[in-house]
Amino acid sequence: MPVSTRSSAGLARWAALGGIVYVVLFIVGTIVLFYGSPDGDASPAKVIAWYSDSGHRDRVNIGWILGGLGVFAFLWFLSSLRRVVRRLEGEDGFLTALTTIGGAVYATLALAALALNNGIRTMSDDTYRHQVFPALIHAANDASYVMHATGGAGAAAMIIAASLAAMRAAAVPSWAGWLGVVAGILALASIAFLPQAAIAIWILVVSGGIFLRGAREAGRTA
């Protein structure tokens, strides 16, 4: 009995918008996660007072949820991006694999950073007498930041591979492709924070571009 197949083109087109959703939710989630919390050089007494407030811990949890939903949306974008790169590259598959692996590494470390930060910063919910440990909270902030920044290596691989595939297939102007490569190189320096903006901008542009291109193709088909 023949197996019927159904194109995922429509789903992939809408999934491309996951990149925009990711950037928005992750930024909002990060703001909620850290808004009003004591700085790293704050006194232990100030840290204890802030995290002893259950409302503040609830806010941290909300930020974690928003950020996690953002990364979930990113995975849909990544799948759509992989589909586009595979079509551009053809049978070789090298750049397709690098795009997929790089994006997966980036998403994994982003999720791990969110989980680590949230778990330690809200642990006083169930510690003895709801005790707060300022040194651990400081360590959680630093470790989660470095973990997320390290994921920039995966984002760099994704961005550079996808940009090269687009340039080789003449799907974008050469200048746009080279800007993508530069954004990927900058992503390697995500530890400096500002280069992380290059990742976000690239994802926003490519997410919107894939969606609009899919809409045009659907219109021509109709």
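The numbering scheme is per chain: residues are counted from 1 as the chain's sequence reads. It should be noted that, the model being predicted, local features are given only for residues of pLDDT at least 70 and side-chain atom pairs only at 80 or more, the latter also being counted only at that level, while totals for whole chains, interfaces and linings use all residues. Only hydrogens and water are set aside; all other atoms, that is, all heavy atoms of the structure, feed into the side-chain values.

Colleague: How should the overall build of the chain be read in this particular structure?
Modeller: A tally of helices and strands in the chain yields 9 helices and 0 strands. Of the regular secondary structure in the chain, the N- to C-terminal order runs α-α-α-α-α-α-α-α-α. Seen along its three principal axes, the alpha-carbon backbone of the chain occupies a region of about 65 × 45 × 30 Å. We call a residue buried when its accessible area falls under 20% of the maximum for its residue type, exposed when it is over 50%, and partly exposed in between, using a 1.4 Å probe and counting protein chains only. Out of the 222 residues in the chain, the part that is buried amounts to 40%. Put simply, 78% of the contacts in the chain that link residues at least 6 apart link residues at least 24 apart. Methods summary: accessible areas were calculated by the Shrake-Rupley approach with a probe of 1.4 Å, and residue burial reflects only the protein chains presented. Surface accessibility of the chain: about 12100 Å² in total, with carbon and sulfur atoms responsible for 69%. His residues and chain termini do not enter the charge count, which takes Lys and Arg as positive and Asp and Glu as negative. A charge is said to be at NZ when it belongs to Lys, at CZ for Arg, at CG for Asp and at CD for Glu. Charge centroids of the chain, computed over 15 positive and 11 negative side chains, lie 12 Å from each other. Secondary structure counts use DSSP, requiring at least four H or I residues in a row for a helix and at least two E residues in a row for a strand, with both numbered from the N terminus. Here, two residues are considered to be in contact whenever any of their heavy atoms come within 4.5 Å of each other.

Colleague: Please explain the layout of surface pockets as it appears in this structure.
Modeller: Rolled over the atoms, a probe with the dimensions of a water molecule shows which regions are left empty. Here the term cavity refers to a set of points on a 1 Å grid, laid over the protein atoms alone, in which a 1.4 Å probe fits but cannot get out; the term pocket refers to an open set having protein on both sides within 12 Å along at least five of seven lines, with lining residues being those that place an atom within 4 Å of a point. Grid points are joined across faces, edges and corners, and a volume is the space filled by probe spheres set on the points. In this structure, the second largest pocket encloses a volume near 690 Å³. Around the second largest pocket, the lining is made up of 29 residues, and of these F26, T30, H148, F193 and Q196 lie nearest the centre. Those elements that place two or more of their residues in the lining of the second largest pocket are α2 (18-34), α5 (94-121), α6 (134-150) and α9 (196-221). At 8 residues, α2 tops the list of elements feeding residues into the lining of the second largest pocket. The residue makeup of the lining of the second largest pocket, split by class, is 18 nonpolar, 9 polar and 2 charged. The nonpolar class holds Ala, Val, Leu, Ile, Met, Phe, Trp, Tyr, Cys and Pro. Asp, Glu, Lys and Arg form the charged class, and all remaining residues, Gly among them, are polar.

Colleague: Where do I start with empty space enclosed by the protein in this structure?
Modeller: The tally for this structure, following the rule as stated, stands at 1 cavity of 30 Å³ or more. Empty space within the largest cavity amounts to approximately 30 Å³. If you trace the largest cavity, you find it lined by I120, R121, M123, S124, Q131, V132, F133 and I137. Among the residues making up the lining of the largest cavity, the classes are represented as 5 nonpolar, 2 polar and 1 charged.

Colleague: Please clarify how the environment of R121 should be interpreted in this entry.
Modeller: Its location among the elements puts R121 in helix α5. Along the primary structure R121 and N141 are separated by 20 residues, whereas in three dimensions their C-alpha atoms are 8.4 Å apart. If near-sequence neighbours (up to four positions away) are discounted, R121 is found in contact with L33, F34, S37, W50, Y51, V60, I137 and N141. Here the side chain of R121 touches Y51 through a polar contact of 2.8 Å, side chain to side chain. Each polar contact in these results corresponds to two N or O atoms within 3.5 Å; when the atoms are within protein, one needs to be able to donate a hydrogen and the other to accept it, and residues that are neighboring in sequence are counted only if both atoms are side-chain atoms.

Colleague: Looking at this structure, I do not really get helix α7 (residues 152-168). What am I missing?
Modeller: Residues spaced three or four apart along an α-helix face the same direction, because each turn holds 3.6 residues. Compared with the 24 Å implied by 1.5 Å per residue over 17 residues, the 24 Å span of α7 between its first and last C-alpha is a close match. Among the 17 residues that make up α7, 12 are buried, leaving the element largely enclosed by the rest of the structure. Backbone geometry just downstream of α7 places A170 in the positive-phi region, at approximately 55 degrees. Multiplying 1.5 Å by the helix residue count minus one yields the expected span of that helix.

Colleague: Explain the packing of helix α4 (residues 54-89) against α7 to me, please; I cannot follow it from the model alone.
Modeller: Geometrically, a packed helix pair is captured by the angle between its two axes and the distance between the axes. Close contact between α4 and α7 brings their axes to 9 Å; oriented N to C, the two are set at 35 degrees. The chirality of how α4 crosses α7 is left-handed. Two secondary-structure elements touch here, α4 through F74, L78, L81, V85 and L88 and α7 through M158, A162, A165 and A166. Here the residues of the contact of α4 with α7 are counted per class, giving 9 nonpolar, no polar and no charged. All axes here are fitted lines through C-alpha atoms, helices being fitted over the stretch that makes contact, and every angle between N-to-C directions spans 0 to 180 degrees. In a left-handed crossing the near helix is turned counterclockwise from the far helix by less than a right angle, and in a right-handed crossing that turn is clockwise.

Colleague: I would appreciate a short explanation of a nonpolar patch on the surface in the present structure.
Modeller: To count toward a patch, a residue needs a relative accessible area above 30% and no salt bridge. Like charges then connect within 9 Å, nonpolar side chains (Val, Leu, Ile, Met, Phe, Trp, Tyr) within 5 Å. Salt-bridge detection follows one rule: a side-chain nitrogen of Lys or Arg within 4 Å of a carboxyl oxygen of Asp or Glu. Where nonpolar side chains cluster on the molecular surface, the patch consists of Y145, V146, I191, F193 and L194 and spans about 500 Å² of accessible area. You can see F193 is positioned in the loop between α8 (174-187) and α9.

Colleague: Which parts of the structure should I look at to understand the side chain of S37?
Modeller: Examined against the element boundaries, S37 turns out to sit in the loop between α2 and α3 (44-51). For S37, the side chain forms a polar contact with the main-chain oxygen of F34, separated by 2.8 Å. Residue contacts for S37: discarding those within four places in its chain leaves W50, Y51 and R121.

Colleague: Mind showing me how you'd approach α4 here?
Modeller: Its 36 residues place the ends of α4 52 Å apart at the C-alpha level, agreeing with the 52 Å of an ideal helix rising 1.5 Å per residue. A side-chain oxygen of the first residue of α4 lies 2.7 Å from the backbone nitrogen of G55; this N-cap is D53. Phi turns positive, to about 85 degrees, at G90, one or two residues after α4.

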